[in-house]
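# A structural walkthrough
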Amino acid sequence: SSSSLPLVSKTIVVKGHKLLDGGIADSIPIRKSIEDGNEKNVVILTRDHGYRKAPNKLMPIMRLRYPKYKEFLHAMETRHVRYNETIDFLEEQEKEGKVFIIRPEAKVEVGRIEKDKAKLTVLYKQGLHDGEKAITRRFIEILRLSRKIFHNCIMLFTKSQDQLIVISGCICRKGGGMKEYLEK
């Protein structure tokens, strides 16, 4: 990854190869991860649920700036199609329990090249909050599934000040009083 965004950054040259980044080839390489043998994946998205990428409005400028690079231009023209197909695929994988997605709950109003520190700080804090919330929800799902599978081991937990606190593990046997308490 060169971290050089088209039109914004200079093209990076490494071992004679000109490189541009910005997720041009594969913004979310989930299929590569699966191909590599990963059966369970965690994907952290920077856009809220329902977001779909639109065609690139800067294509006329891209054609002027990079006229020699036909394959690059084609990749940029079709990037939104690949991105949106990948989001659909991710959502299918999530329903099947093969992918755990962490994403913003609200629409992100900060652009890709934002420099306003106050806006970036708000976005950072929102990301922490949304990530912790997603992980907490997933942890609770795992606990519920664990109770069905491991009847002799139940964990009592409570949420306090946005932090998940595990109080005790393996606290009762099947049919014990705490199981009924946890189901309330």
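An account of the accompanying structure is given in this report. (Residues numbered from 1 in each chain as written. Predicted model: local features only at pLDDT ≥ 70, side-chain atom pairs only at ≥ 80, totals over all residues. Heavy atoms only, no water.)

## Remarks on the overall build of the protein chain
A count of helices and strands for the protein chain gives five helices and six strands. Mapped from its N terminus to its C terminus, the protein chain presents α and β elements in the order β-β-α-β-α-α-β-α-β-β-α. The buried share of the protein chain, taken over its 184 residues, is 29%. Within the protein chain, contacts between residues separated by at least 24 positions form 57% of all contacts whose residues are at least 6 apart in sequence. (Helix = DSSP H or I, 4+ residues; strand = E, 2+ residues; numbered from the N terminus. Buried < 20%, exposed > 50% of the residue type's maximum accessible area, 1.4 Å probe, protein only. Contact = heavy atoms within 4.5 Å.)

## Some points on the packing of aromatic side chains
Inspection of the entire model under this criterion finds two aromatic pairs. Here Y51 and Y83 contribute two aromatic rings whose centre-to-centre distance is 6.0 Å and whose plane-to-plane angle is 80 degrees, an arrangement assigned as edge-to-face. Taken together, the residues Y51 in the loop between β3 (41-44) and α2 (59-65) and Y83 in helix α3 (residues 70-95) connect sequence positions 32 residues apart. Seen from their ring centres, Y66 and F72 are 4.9 Å apart, and the 70 degrees between their planes marks the pair as edge-to-face. In this pair, the class of Y66 matches that of F72, namely buried. When the ring centre of Y51 is taken as reference, the NZ or CZ atom of R47 above it lies at 5.0 Å. Residue placement shows K53 over the ring face of Y83; its charged tip is 4.7 Å from the ring centre. (Phe/Tyr/Trp six-rings, centres within 6.5 Å; stacked < 30°, edge-to-face > 60°. Lys NZ or Arg CZ within 6 Å of the ring centre and 35° of its normal.)

## A look at a nonpolar patch on the surface
A contiguous nonpolar patch, built from I12, V14 and L19 and spanning about 200 Å² of accessible area, is present on the exposed surface. Summarising the element assignment, I12 is placed in strand β1 (residues 12-14). (Patch = residues over 30% accessible without salt bridge, like charges linked within 9 Å, V, L, I, M, F, W, Y side chains within 5 Å. Areas by Shrake-Rupley, 256 points an atom, 1.4 Å probe, with all protein chains shown as cover. Salt bridge = Lys/Arg side-chain N within 4 Å of Asp/Glu carboxyl O.)

## What about empty space enclosed by the protein?
The full count for this structure, using the stated rule, is two cavities of 30 Å³ or more. Considering only enclosed or pocket space, the second largest cavity measures out at about 40 Å³ in volume. What lines the second largest cavity is L45, R47, D48, H49, G50, Y51, R52, Y83, I87, E91 and R103. (1 Å grid on protein atoms, 1.4 Å probe; cavity = no way out; pocket = protein on both sides within 12 Å on 5 of 7 lines; lining within 4 Å. Points joined across faces, edges and corners; volume = space filled by probe spheres on them.)

## What to know about the layout of surface pockets
To find leftover empty space, a probe the size of one water molecule is rolled over the atoms. By volume, the largest pocket is sized at about 1,400 Å³. In terms of lining, the largest pocket is formed by 48 residues, of which the most central are T46, R47, Y51, K53 and R112. Listing elements by their share of the lining of the largest pocket, those giving two or more residues are β3, α3 and α4 (117-149). A per-element tally of the lining of the largest pocket places α4 first, with eight residues. When its residues are assigned to classes, the lining of the largest pocket shows 25 nonpolar, 10 polar and 13 charged. (Nonpolar A, V, L, I, M, F, W, Y, C, P; charged D, E, K, R; others polar.)

## Points about unusual backbone geometry
Unlike most non-glycine residues, L7 shows phi in positive territory, near 70 degrees. Along the chain, the position of L7 falls in the segment before β1. Its relative accessible area of 28% is what places L7 among the partly exposed residues. Phi at K15 takes a positive value of approximately 50 degrees, unusual for a residue other than glycine. Summarising the element assignment, K15 is placed in the loop between β1 and β2 (17-19).

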